[in-house]
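# A closer look at the structure
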Amino acid sequence: MSDARLLSVLIPAVGGQGGGVLLEWIVDAALADGLQVHGTSIPGVAQRTGSTTYYVELFTEPDSGAEPPAFSLYPVPGALDVLLAPEFLEIGRMIELGFPSPDRTTIIASTHRLYSIHEKIATGRGVYPIEDLHAAARAFSMTLYAFDALALAREHGTEANAVLLGALAGSGVLPIRVDAYRDAIRAKGVQVAANLRGFDAGLAVATQLRGPAEAGAGSSARNGTRSEPAPAGPQTAAAADPALERRMAEFPAELRPTLETAIARLVDYQDRRYVERYLERLRPFAGDPELARVVARHLAVWMTYEDAIRVAQLKTRASRFERIRREKGALRGEIVVTDFLKPDLDEIYGILPHRLVAPFARWAERRWPHGRPAFGQHVKTTTVLGYLRVWMLTLLRPLRPISHRAHEEHARMDQWLTALARCAGWDKALALEVARGAQLVKGYGDVRRRMRAHLDRLLASVLRAAECEGANGGGFEASRELAARYRVLVLQGPDGEARAAALAERVLTRLAAADRAGALASLADA
C-alpha cells in the first residue's frame, strides 16, 4: 500500500438537516476525481434526542490499481481530520466523545443553534453558553471555520448543507477539485440551482477565512473564525418624541441603552401613556444606576406580558409572513400558515374589563384551583377568515389597561416594587437579588400561575428573613442568599421548585430561632 494517508470526515447532524445528502455529495465528488472513498451513516432520532452521524474516509492516492485501503466504518477518537458540523452544539458533543484533536482536526461549523430538549425544558435560561462553545471549538481544532451557514442559506434561498459543502471545498482540506463538488450537486439532480448558489456562498466565506486561518496555524491564536456583526439596535420612539427624550434625560446616562429598548417595546405594546407609567415606576430607583438597570429591564419585560391581544398582534404582522416566506424559500409561491392556539379560561376572560369578569374569575379559581379548561383550535392565518379571526383581537388593545389580566399583573408588579424599595433601604445587594426575582414571572396558563405563586413566596420569605436578620443585629447575608438560591432552583424546573419551597421553610425556621449560622449552612448545602 502507498504511504498516502487516509483522510477522515465526520458529520454530526440533527435529524432533517440534510446530513445524508451532504455525505453523498462528498462521496460523489471524490469518486468523480478518481479517489477511493467510503461513506457510512449511523441514523439517529430527530429533535436532538439521538446521535445522527455520517462518516467519510478518503484515500488521498488516486485509484491506480494499487491495493485498496481498509476503510473503517467509524471514526477513531483523536484521529479525525475534518469535523463538519451543521449545528454548533454538535461540536461540543463530538469533543465530549473525544473525536477532534487540536493537532489534526479542521473544524467547519455553522454557528446557528437548534436547541436541545434539555435546553428547552429548563424554566430559566437553559441554553448552553455560545461563548463556551466557541472556546471549545478553538481549543480542539487545528483550524476553525465558524460562520452562520443557516443565515447565509436563507439569504441565498437554499439549504445550510450546500453552504457547508462550499465551505469544505473552500478550506482546501480535502484533495477534491471545486468543480467536482459542483458536478456532484448537478448529478444529484435536486434543487440544483439553489444548491449551487449555497455552495458558492460557502466557498466564498471559506476562501475569505482561509488566509487568516492558515496564517495563524500553529500559534496560540491559530484558529480562523468569522464573527458575525451584531444586529442594529431598535429604533426607539424616544428618538422621535422630544417629551420622551426629556423624560429619559432625568435618568442616569448609563440607563439610556436599556431605556431606549424598553420604550420602543412599550410603545409597540400599548402607547405613550404606558411609557409614562413605566418611567414613574422606575423613578424611585434612579439614584442607583446598577439597581435601576436591573429594575428597568425586568419591569419592561413584565409590563409587556403576552396576553391574547399581544399574541394576535404578533401573529398578524406582515413581517411575520414575510419571514416565513423567506425561511421556507417561498418568496413567490403561496404559503399556508396554521397557528395552533390553546387559550385557557384565564386568557379568554383576562382581556375583558376587570369589573365585568372579576366575580366569574373568583368563581373559576374556586371551581378549577389546579388549572383552567383550555380550548384548542387550529387557525389558518393565511386565509381571510382565519386572519380576521385573530386580527380582530388586536382591536381590544385600547381596553387592555382596564382588563382583568392587567389588574392582576400590575397589582403584582406594585407588590414587587414595594418589596424592592423596602429592601433597598436595608441593603443594596439584597435589593438587587429581589429585583432579579422578577425573572420568575414567565410562561402561560398554569405555568404562569405557578411562577407568580413562586414570586409571591420569594418576596414573603425574603422579607421575613430580612426582618429576622435585622432584629438580631446581623447583616443580610442569609436573606440575599435565600433570594438568589430560591430563584436559581425554581428556574431549574419542577424538581427545583419543590426544593426551593423546602429551602425557604428551613431557612426561615432557623432564622426565627436566631440560628443564623444554621440558616447559612442550609443555604450552602442547597
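A short tour of the structure in this document, coming up.

The rules we used
Residues numbered from 1 in each chain as written. Predicted model: local features only at pLDDT ≥ 70, side-chain atom pairs only at ≥ 80, totals over all residues. Heavy atoms only, no water. Buried < 20%, exposed > 50% of the residue type's maximum accessible area, 1.4 Å probe, protein only. Helix = DSSP H or I, 4+ residues; strand = E, 2+ residues; numbered from the N terminus. Pairing = 2+ DSSP bridges. Arc of directions from axis to C-beta. Contact = heavy atoms within 4.5 Å. Core = buried A, V, L, I, M, F, W, Y, C linked by side-chain atoms within 4.5 Å. Salt bridge = Lys/Arg side-chain N within 4 Å of Asp/Glu carboxyl O.

### What to know about the pairing of strand E1 (residues 6-13)
Each regular strand displays side chains that alternate between the two surfaces of the sheet. Judged by how many residues are buried, E1 sits mostly within the fold: seven of eight residues are covered. Relative to strand E4 (residues 82-85), E1 runs parallel, the two being bridged by two bridges. Counterpart to Val 9 in the pairing with E4 is Val 82.

### Thoughts on helix H9 (residues 242-249)
Taken together, the buried positions of H9 are occupied by Leu 244, Arg 247 and Met 248. Summarising the axial view, the buried residues of H9 lie within an arc of 100°, below the 170-degree limit, and thus occupy one face. Exposed and oriented more than 90 degrees from the buried face of H9 are Pro 242, Arg 246 and Ala 249. In this structure, the buried residues of H9 make contact with helix H10 (256-269) and helix H11 (272-282).

### Some remarks on the nonpolar core
Core analysis: the biggest nonpolar cluster contains 65 residues, and Tyr 278, Val 295, Trp 416 and Leu 420 have the highest contact counts within it. Here the element with the most residues in this core is helix H12 (residues 289-303); it accounts for nine residues. Residue contacts for Trp 416: discarding those within four places in its chain leaves Val 295, His 298, Leu 299, Trp 302, Val 434, Ala 435, Ala 438 and Leu 459. Membership of the second largest hydrophobic core comes to 45 residues, among which are Leu 7, Ile 176, Ala 180 and Val 205.

### Digging into the pattern of salt bridges
Within this structure, the stated rule accounts for 40 salt bridges. Residue Asp 346 is joined to Arg 372 by a salt bridge in which the shortest nitrogen-to-oxygen separation is 3.1 Å. You can see Asp 346 sitting in helix H15 (residues 345-349) and its partner Arg 372 sitting in the loop between helix H16 (354-367) and strand E8 (377-380), a full 26 residues away along the chain. For Asp 346, a relative accessible area of 16% gives the class buried. Taking the shortest distance from any N to any O, the salt bridge between Asp 427 and Arg 480 comes out at 3.1 Å. Placement of Asp 427 in the loop between helix H18 (404-426) and helix H19 (428-436) and of Arg 480 in helix H21 (residues 477-491) is noted, with a sequence separation of 53 residues between them. Where salt bridges share partners, they join Arg 247, Glu 250, Arg 272, Glu 276, Glu 280 and Arg 283 into one cluster.

So yeah, pure geometry; function would need other evidence.
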